Structure formats: C-alpha cells, structure tokens
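Listed here are the chains, written in short residue letters.
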Amino acid sequence: MQATPLLDLAIVGGGVAGVIHLHYARQSGLKVLLLEKQGGVGGLWRQLPAWQDIQISPADWTIGDLPLGGPKQPHILANIEAWVERFGLADRIRLDSPVSRARYTGTCWELDTPQGTVRARHLVAATGGHNKPAIPDVLRRESAVRELHSSALRDPAELTGREVLVVGGGASAFDLLDLCLEYKARRIVWAYRGLRWFTPTGKPKIIAGSVRPYAKMQVNGMTVAQQNVMIGADLLARYEKFGIQSIQPERPLDVHQDQLIPGRARMLASFGELERYPGSVEAIEGRDVTLSDGTRLAVDVLLWGTGYHTDLSYFEEPRIAGIRTVGELASRCACIFRSLDAPDLYFPGVGLDGIGSAPWAFMLMARSVMSHIRGTAQLDMEPVACRLNHLDIVRYLAERDFGTYAGERGWDFYRDLALGTPDDQPYPLL
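Notes on the structure follow. (Residues numbered from 1 in each chain as written. Predicted model: local features only at pLDDT ≥ 70, side-chain atom pairs only at ≥ 80, totals over all residues. Heavy atoms only, no water.)

1. Observations regarding the overall build of the chain
Okay, so step 1: When its secondary structure is counted, the chain shows 15 helices and 20 strands.
Okay, so step 2: For 430 residues, the compact-globule formula gives about 22 Å, and the C-alpha radius of gyration of the chain, at 22 Å, lands near that figure.
Okay, so step 3: If you line up the chain on its principal axes, its C-alpha atoms span 60 × 55 × 35 Å.
Okay, so step 4: Per-residue burial for the chain yields a buried fraction of 56% across its 430 residues.
Okay, so step 5: Taking all contacts inside the chain whose residues are at least 6 apart in sequence as the whole, residues at least 24 apart take part in 70%.
Okay, so step 6: Within the structure as shown, the chain displays about 17,700 Å² of accessible surface, and the carbon and sulfur contribution to it stands at 50%.
Okay, so step 7: Counting 46 positive and 49 negative side-chain charges, the chain places the centres of these two groups 2 Å from one another. (Helix = DSSP H or I, 4+ residues; strand = E, 2+ residues; numbered from the N terminus. Rg over C-alpha atoms; globule rule 2.2 N^0.38 Å. Buried < 20%, exposed > 50% of the residue type's maximum accessible area, 1.4 Å probe, protein only. Contact = heavy atoms within 4.5 Å. Areas by Shrake-Rupley, 256 points an atom, 1.4 Å probe, with all protein chains shown as cover. Lys, Arg positive; Asp, Glu negative; His and termini not counted. Charge placed at Lys NZ, Arg CZ, Asp CG, Glu CD.)

2. Quick look at the sheet that holds strand S14 (residues 288–291)
Backbone hydrogen bonds are what pair the strands of a sheet, in a parallel or an antiparallel way.
Okay, so step 1: The four strands are arranged S8-S13-S14-S15 in an open sheet whose pairing can be described as mixed. Both outer strands of the open sheet, strand S8 (139–141) and strand S15 (296–298), are each paired with one neighbouring strand and no more. Averaged over all adjacent pairs, the angle separating strand axes in this sheet is 20°, with direction ignored. (Pairing = 2+ DSSP bridges. Axes fitted to C-alpha atoms, helices over the stretch in contact; angles between N-to-C directions.)

3. As for the packing of helix H7 (residues 212–219) against helix H8 (residues 224–241)
Okay, so step 1: Contact geometry of H7 with H8 gives a least axis separation of 10 Å together with a crossing angle of 150°. As H7 runs across H8, the sense of the crossing is right-handed. Residues Tyr-214, Met-217 and Gln-218 of H7 touch H8, and the partners they reach there are Gln-227, Met-230 and Ile-231.
Okay, so step 2: Grouping the amino acids of the contact of H7 with H8 by side-chain chemistry returns four nonpolar, two polar and no charged. (Left-handed = near helix turned anticlockwise from the far one by under 90°. Nonpolar A, V, L, I, M, F, W, Y, C, P; charged D, E, K, R; others polar.)

4. Topic: the nonpolar core
Okay, so step 1: Core analysis: the biggest nonpolar cluster contains 100 residues, and Val-166, Trp-190, Phe-198, Ile-247, Leu-303, Trp-360 and Leu-364 have the highest contact counts within it.
Okay, so step 2: In terms of residue count, the dominant contributor to this core is helix H12 (residues 358–374) (ten residues). (Core = buried A, V, L, I, M, F, W, Y, C linked by side-chain atoms within 4.5 Å.)

5. Observations regarding the pattern of salt bridges
Okay, so step 1: Evaluated as defined, the whole model comprises 32 salt bridges.
Okay, so step 2: Asp-175 is paired through a salt bridge with Arg-264; the nearest N and O atoms lie 3.0 Å apart. With a gap of 89 residues between them, Asp-175 in helix H5 (residues 171–182) and Arg-264 in the loop between H8 and helix H9 (265–269) connect regions that are remote in the sequence. For the pair formed by Asp-175 and Arg-264, the shared burial category is buried.
Okay, so step 3: Ionic pairing is found between Asp-412 and Arg-415, a salt bridge with its closest N-O pair at 3.2 Å. Here Arg-415 and Asp-412 lie together in helix H15 (residues 411–420), a separation of three residues that amounts to about one turn.
Okay, so step 4: Judged by relative accessible area, which is 45%, Asp-412 ranks as partly exposed.
Okay, so step 5: Owing to a relative accessible area of 27%, Arg-415 belongs among the partly exposed residues under this scheme.
Okay, so step 6: Here the salt bridges do not stand alone but share partners, grouping Arg-101, Arg-103, Glu-110, Asp-112 and Glu-316 into one network. (Salt bridge = Lys/Arg side-chain N within 4 Å of Asp/Glu carboxyl O.)

6. Topic: the pairing of strand S6 (residues 116–125)
Moving residue by residue along a regular strand, the side chains alternate between the two faces of the sheet.
Okay, so step 1: Among the ten residues in S6, eight count as buried, and that is most of the element.
Okay, so step 2: Alignment of strand S1 (residues 7–12) against S6, held across five bridges, turns out to be parallel. Paired with Leu-7 across the bridge in S6 is Ala-120.
Okay, so step 3: When strand S5 (residues 109–113) meets S6, the two strands line up antiparallel, connected through five bridges. In the strand pairing of S6, Trp-109 is matched with Ala-120.
Okay, so step 4: From the end of S5 to the start of S6, which pair antiparallel, there are two residues.
Okay, so step 5: In this sheet, strand S20 (residues 345–346) lies alongside S6 in parallel orientation, the contact comprising two bridges. Note on S20: the bridge partner recorded for Val-124 is Tyr-346.

7. Some remarks on helix H13 (residues 391–398)
Okay, so step 1: In terms of residue burial, H13 counts as a mostly covered element, since six of its eight residues are buried.
Okay, so step 2: Of the positions making up H13, those classed as buried are Leu-391, Asp-392, Ile-393, Val-394, Tyr-396 and Leu-397.
Okay, so step 3: Residues of H13 that are buried in the fold lie against H7, H12, helix H14 (402–405) and H15.

8. Some words on the packing of H12 against H13
Okay, so step 1: One way to put it is that H12 packs onto H13 with a least axis distance of 10 Å and a crossing angle of 10°. Considering the angle they form, H12 stands roughly parallel to H13. In this structure, H12 contributes Trp-360, Ala-361, Leu-364, Met-365 and Ser-368 to the contact, and H13 contributes Leu-391, Ile-393, Val-394 and Leu-397.
Okay, so step 2: Along the lines of polarity and charge, the residues of the contact of H12 with H13 split into eight nonpolar, one polar and no charged. (Parallel < 35°, antiparallel > 145°, perpendicular 65-115°, else oblique.)

9. What about the environment of Gln-248?
Okay, so step 1: Secondary-structure assignment places Gln-248 in the loop between H8 and H9.
Okay, so step 2: Given a relative accessible area of 26%, Gln-248 falls into the partly exposed group.
Okay, so step 3: For the pair formed by Gln-248 and Val-326, sequence separation is 78 residues and the distance between their alpha carbons is 24 Å.
Okay, so step 4: When sequence neighbours within four positions are dropped, the list of residues in contact with Gln-248 reads Leu-195, Trp-197, Leu-236 and Tyr-239.

10. Section: the side chain of Ser-57
Okay, so step 1: Its location among the elements puts Ser-57 in the loop between helix H2 (44–47) and helix H3 (58–61).
Okay, so step 2: With residues near it in sequence (within four places) discarded, Ser-57 still touches Ile-206, Gly-209 and Ser-210.

11. Structural notes on the sheet that holds strand S11 (residues 187–192)
Okay, so step 1: The strand order across the open sheet formed by five strands is S9-S16-S10-S11-S12, and the pairing between neighbours is parallel. Since the sheet does not close on itself, it has two edges, and those belong to strand S9 (146–149) and strand S12 (274–278), each with one partner. In this sheet, neighbouring strand axes are inclined to one another by 20° on average, regardless of whether the strands run parallel or antiparallel.
Okay, so step 2: Bridge count for S9 against strand S16 (residues 301–304) is four bridges, and the pairing is parallel. Across the sheet, residue His-149 finds its bridge partner in S16, namely Trp-304.

Structure follows, in structure tokens:
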C-alpha cells in the first residue's frame, strides 16, 4: 500500500485526549489525521460498562457548550462524540485503523495501519496511560470462581445473592464495593494491598468530586505544602467522623502524587458489612481463594479493582514499548507530555491522577503542543518532578508558551475564572 503524503501531525487514539488535540490542530491550520482502532471515537469510554462514571463533578468535566447529560459512561461517550460534531472533525478521523507499529525514521514518524502507512512530522500518542486492564498473575488450579475486571462487569445484577471478593484499594475497588452493596451481594469480602485516599462524605460523587475548592487554593497562592496540610487535616477528621481509620492510608496525602477520590456514601453507610483483609490474592483453586496471609475464602465471584497497565507495545523504540505504568511514562517525559525517548512525540495526560479535570488539562496541553509545532512555544526537555494538575498546568505552560497565555488570557484571566465561575457551570472553551 502506498504511504500517505507527509502530515504535520498524526494522533493515535480517538478518546477525549485525541479528539481535543484534533480540534486544536485543525484550529491551528495543521495537516492532521487521527487514527482510531475502534469503529467509533471514545477510546476506553466506548468499552466501559454503563455504570462506570467520572471521579469529578459533571460541571468540572464539561467545557464550554459541549453537552454532558450526566456522569456515567453513556454520557461521557456522548460528550466525546459531541466534540467531533461540534467542530466538524469527522473528515480527519480514520476509524477501524489500529496502529501496529510506530517508528521514527530520522525525519518523520511512520505509522503502519491496515489502510497503509501514515507519515507525519509530529505524533501525539493519545492511547492513554490506562489502556490495558491489570489482572494479577496468580496461581489458578481448576478455578470455579468467576473473575471479572471492573471494566468487564457489564451487568452488576449478577452480583445479587452471590459471595463476592473485591480486590484493590483505589477508585475501581471502591466502585465495585458500592455495586456489591447496591445489588445486595450475599457476602462482600474486600482484599487490598495498599489504600488510596478518598473523601469520606455522605454526598454523591457528582457533588463531592468538585475540583473548584482545590482550584481556589491554587489561585490564592497556597503552596503545595499548605494544600497538603489543609486537605490532609480535613481528611483525617472525616475518617475519624465515619469511624474508618482502619482503612486510612499510611502515608500523608500529597496532592502532587495522589488522586483525591470522592464520595462513596453507600460504602460508608454499610462499612460494617465488609469483610476486610489487608493483602493480595496468591492462588485460586476451585472456589477457594488464598490470600497472601494464608486466609482461604470460598467465593462465587472475584472482582479485580486493580486498575490498568500502560500498553505502548506498538512503538518500535524499546524504551517506549517497555513502559508499563503511568509513573514510568511520566518519568520518561519532559515538559509534562514531551517524550524523552523520541523526537516530536507527545503523551497527553501523563500523570493526571491527581486533583483536576482531564478535558481541561487536555485542552491546555493541546494548545501548547500546537504552538510548539508551529514554532511559537519553547517546550524544554526538562523532566517534571511531580504531577501538575488543573491551574498549575496553566502556570507551568505560560512560562514556555507565552503567546498562548499572554494578553487578555494571562494568569489573571485564569485566576478570575477559578474564583468566579459558579460551581455548577462549566469552564469556557479556550
């Protein structure tokens, strides 16, 4: 098959990051093509069960006049599709086009697809840091336990009346525990090797997940240390109020490293019903699951709330193809998203597991990527020692992309935006 003419930019992945980058590439007048392996845009959100939801409030996810009907998977998928329709992007999206190999030739990127080779000067790898379900490799002998990763639990009603083991200590595991309680599993066992911070509250996630208070801390000049002290003290008081100190993480909260998971009112209300075991799964034999402390549990269903790996195996460069976690990928990037291992390669969203809005962050990053491609930004090759989120991204990129953030949309604009936008209103499209 004949290679396509040289593009300014190719984007691999049609999730929210890919679609937002495509919009700003078109807005910048670049010759661009987005390659999506599925039959429609949406990325991971096209694959997830309908019960999956975002971990922030809908107002914080929504940007401008892009509609969001609610916080769950069908609404998020519709929101991503709305970007395509709103900005007329469909003609620059090639569906059913998985990239089998991405290689840098010394002058450009070449991407092998079923329709032929795509060539571009720059490449945005928007396949996500969480794109391959992580299921631990444990000993299995004649297993009679139904195992499902959180992404594969299509019908939570099958948990009703069953004995269920939930494994994991983060957002996915918390969601699964809530589902077990909602659908009245007969027995709920929870095993976790490590625990993530969350915000104990009786409020639903769509309220508890607001990032506006955090944004106001940033624009009011609070240092990260001060933010950690204030948020950490609030969390400790909440854990004590709800009597859940037994699942309090061992290390203090660090907003540069931790995701602040919202809500979980149902789990808190029924906390005493959960059988809890600190540890991991070692073996599954018949209906028996053996934990790392030797405990044997007879269960019907095992739900893996163990998150995702990073799969970049389509890259020819072994230093990139061998990356397995978001942390590894973040350590191999400069200026938040610029690869240290290959030229003219960008990984949007690296390390965004903290406190903030993914669409907002992708919008900021996409604008600076396009500025860099046009030669109007100075994106350095210095690694970032910590995760940057929400308005900290503005502060960081403004030093390197003055043209995008100067004038009427300087720091004062973003400060006023954070302080003045009502909690139930979306941020404007930039």
